[in-house]
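Residue-level structure breakdown
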Amino acid sequence: MITMHSQLSRYRLSAFLFTSILMFSQAQAFVVDALSFALEGAEKHVSEEGGYTLRKDFWQGSSESGEGQAIKHHLVKGNSYWFWVGTESDDTTMAIAVYDKKGTKSYEGKIEKGPNWIGTQVEVPKSGTYYIAFKITTKNKEEAHWAVAYAFK
Amino acid sequence: MKPLHFLSRSTLLPTLGILLAAPIAALADGADVIKFSEIAKKHDKVVVPIPSEIFNVLDKFDVTRNDWRAELKVPEREACKDRLQFALFLGRVVAEGFLAVEAQDQEAIRKIGRKVLSVAEELGLRKAVIKHTKAIIEEAGDSDWNAVREEFDATRQTVREEMEKRRDQDLAQCVSVGGWIRGTEIITSLINHNYSTKKSEILHQPQLLEHFTSTFKEVRTFQRNPRIKKVIAGLDKLQPLMTADGTVSKERVAMIHSISQQLRKETLTP
């Protein structure tokens, strides 16, 4: 299941994560972990130097190992976007791509990876709906909790 | 602690083999690639861009502060009849706030900040929104336009979250569409003044229109509300103009403007 949530400003993120871990159930704590990993990928891009603006919403869910997931997103031509997927699962292989609505072509640009996250930059040729597709393959074949965040400039 | 060279040659080679095999196996089975056909789950609802995403693109066009100022219409009255009307109106007022930021009009931002608060109060959201409106007014005083814009985004987000918490998702949709209608009216007016295909491309919003239209048609209470009926009728008119492939021509921009302007007058004004 995929759900959307909001988060506090990135400046207050640490406090938000700490409080969340204390208050939330284990499943929710997984999400907080997944989000913190996604934001680890975001960090340098949403800095003053990077210049990207982080949207204060995130999308979260869980998936079977190797199961493809996608978030349908209206992207605006003229913006440069970065999308990051984070997971609390260790020892994973992650994949990310950006497809148009027909799935005929992928538009992802630069891809960056960390131990628990993957990110891609995208600039679309025309405004419209695109699929932010990703897949997390875990070593032990267990399900993975994930969170997706994005920024634009 | 053992030094790194504790492994003998006989154990090193198999260890290296295992270490290398794992990523190679992952690559071989395509774990680092996702094909479109592999997508098992797609999120049904399209993620709608936040206003800042749109204004970020508009910032790159040659629109002057005076152009934005000419579009600004700070709403004076706020006597709405019901919560749906207040929600539509709130969306419009927040959109006006983004416009006032582009126009860098401190006085208009202050007025809009106060207006947001009074409309939010009618919807039982004063407590949630007051921190944002205070920040909007303060940051406008400091001419920190980016911060004001972020705060309007945060206001919109807080309103939506609070409404969803109270299971008022339908009202949250009204706020979104109210902002979208006014935003469309503003953007089309600016594009009309100095048309280019590059600018009009931003109006190509097929699934966004579909999202709004289907959402509004699904809600039973909406079908009985005359104001919302007008919104649905307007969205139906806009759909072919904003969903067709190819360039959004100057004529189409003018038509979109006329429909959204009419919609604003009929549905977003108390």
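To keep things clear, this report deals only with the structure shown in the data block. Counting starts from 1 at the beginning of each chain's written sequence and moves along it residue by residue. Chain labels run from A onward and ligand labels from 1 onward, assigned in the order the entries are written. The predicted origin of the model limits local features to residues at a pLDDT of at least 70 and limits the giving and counting of side-chain atom pairs to 80 or more, whereas totals for whole chains, interfaces and linings rest on all residues. Think of the side-chain values as coming from all heavy atoms in the structure, minus any hydrogens and water.

Describing the overall build of chain A
Across its full length, chain A holds 2 helices and 10 strands. Secondary structure elements in chain A, listed N-terminal to C-terminal, are β-α-α-β-β-β-β-β-β-β-β-β. Residues classed as buried in chain A amount to 61% of the 153 residues present. Partitioning the contacts of chain A with sequence separation of at least 6, the portion at a separation of at least 24 is 79%. Here the Shrake-Rupley method, with its probe set to 1.4 Å, supplies the accessible areas, and only the displayed protein chains count as covering residues. Only carbon and sulfur atoms are counted for the fraction: they give 51% of the accessible area of chain A, which is about 6500 Å². Starting at the N terminus, helices and strands are each numbered in turn, a helix being any DSSP run of H or I of at least four residues and a strand any DSSP run of E of at least two. Buried, partly exposed and exposed residues are distinguished by accessible area as a fraction of the type maximum, computed with a 1.4 Å probe on protein chains only: under 20%, between the cut-offs, and over 50%, respectively. Should any heavy atoms of two residues lie within 4.5 Å, those residues are considered in contact.

Focus: the interface of chain B and chain A
Size of an interface: often given as the accessible area lost when the parts come together. With 40 residues of chain B at the contact, the number on the chain A side is 48 residues. Here the quantity called buried area is the total loss of accessible area, with a 1.4 Å probe, experienced by two parts when brought into contact, counted for both. When chain B packs against chain A, close to 3600 Å² is buried across both sides, 54% of that on carbon and sulfur atoms. It is Ile34, His43 and Val47 of chain B that lose the most area in chain B upon contact with chain A, and together they represent 19% of the buried surface on that side. For salt bridges, the criterion is a side-chain nitrogen of Lys or Arg within 4 Å of an Asp or Glu carboxyl oxygen. With a shortest N-O distance of 3.9 Å, Arg55 of chain A and Glu53 of chain B are connected by a salt bridge. Nitrogen and oxygen atoms within 3.5 Å of one another constitute a polar contact, given that in protein one can donate a hydrogen and the other can accept it, and given that sequence-neighbouring residues count only through two side-chain atoms. Linking chain B with chain A are 19 residue pairs in polar contact (both at pLDDT 80 or more), by the criterion used here. Counting residues per element, the ones that place at least two in the side of chain B that touches chain A are strand S1 (39-42), helix H2 (51-58), helix H7 (145-165) and helix H10 (206-218) of chain B. Polar here means any residue other than Ala, Val, Leu, Ile, Met, Phe, Trp, Tyr, Cys and Pro, which are nonpolar, and Asp, Glu, Lys and Arg, which are charged; Gly is therefore polar. Tallied by class, the residues present in the side of chain B that touches chain A amount to 17 nonpolar, 8 polar and 15 charged. Paired strands are those between which DSSP finds at least two bridges. Pairing of strand S4 (residues 68-75) of chain A with S1 of chain B involves 3 bridges; the strand directions are parallel. Within S1 of chain B, the position partnered with Gly68 of chain A by the bridge is Ile39 of chain B.

A short note on the packing of H7 of chain B against helix H8 (residues 169-193) of chain B
For any two helices packed against each other, one specifies the crossing angle of their axes together with the interaxial distance. Residues and elements named next belong to chain B. Angles here are taken between N-to-C directions and fall from 0 to 180 degrees, while the axes themselves are lines fitted to C-alpha atoms, restricted in helices to the stretch in contact. One way to put it is that H7 packs onto H8 with a least axis distance of 7 Å and a crossing angle of 160°. Judged by the inter-axis angle, H7 sits roughly antiparallel to H8. Listed contacts from H8 to Val159, Arg160, Met163 and Glu164 of H7 are Gln169, Leu171, Ala172 and Val175. Taken together, the residues that form the contact of H7 with H8 break down as 5 nonpolar, 1 polar and 2 charged. Put simply, angles under 35 degrees are roughly parallel, angles over 145 are roughly antiparallel, angles from 65 to 115 are roughly perpendicular, and the rest are oblique.

With respect to the pairing of strand S7 (residues 111-114) of chain A
Residue and element names in this part refer to chain A. Pairing analysis gives 4 bridges linking S7 to strand S8 (residues 117-122), with the strands arranged antiparallel. Bridging across to S8, Gly114 finds its partner in Trp117. Hairpin connection from S7 to S8: 2 residues lie between these consecutive antiparallel strands.

Some thoughts on the environment of Ile136 of chain B
Residue and element names in this part refer to chain B. Along the chain, Ile136 falls in helix H6 (residues 126-141). Each C-alpha atom of the pair Ile136 and Asp82 lies 27 Å from the other, and the pair is 54 residues apart in sequence. In contact with Ile136, other than residues within four places in its own chain, are Ile109, Gly113, Val148, Glu151, Phe152 and Thr155.

Some points on the sheet that holds S1 of chain B
Pairing is mixed across the open sheet formed by 4 strands, whose spatial order is S6(A)-S9(A)-S4(A)-S1(B). Strands at the two margins of the open sheet, each flanked by one partner only, are strand S6 (92-100) of chain A together with S1 of chain B. Strand-to-strand twist of the sheet, defined as the mean angle between neighbouring strand axes without regard to direction, takes the value 30°.

Comments concerning the packing of H2 of chain B against H7 of chain B
All names here are of chain B. Running from N to C, H2 and H7 cross one another at 150°; their axes reach a closest spacing of 9 Å. Put simply, H2 runs roughly antiparallel to H7. Packed against H2, whose contacting residues are Pro51, Ser52, Phe55 and Asn56, the element H7 presents Arg149, Asp153 and Arg156 at the interface. In terms of residue class, the contact of H2 with H7 is built from 2 nonpolar, 2 polar and 3 charged.

Observations regarding H2 of chain B
A turn of α-helix holds 3.6 residues, and therefore any two residues three or four places apart point the same way. Within H2 of chain B, 8 of the 8 residues are buried, which leaves the element mostly enclosed by the surrounding structure. Along H2 of chain B, the residues that are buried comprise Pro51, Ser52, Glu53, Ile54, Phe55, Asn56, Val57 and Leu58 of chain B.

Re helix H4 (residues 83-103) of chain B
Residue and element names in this part refer to chain B. Multiplying 1.5 Å by the residue count of a helix minus one yields the expected span of that helix. With 21 residues, H4 extends 30 Å from end C-alpha to end C-alpha; this agrees with the ideal 30 Å at 1.5 Å per step. Of all 21 residues in H4, 20 are buried, a share of seventy percent or more. Between the side-chain oxygen of the N-cap and the backbone nitrogen of Leu84 there are 3.2 Å, and the N-cap of H4 in question is Asp82. Just beyond H4, the residue with positive phi is Gln104, at close to 50°.

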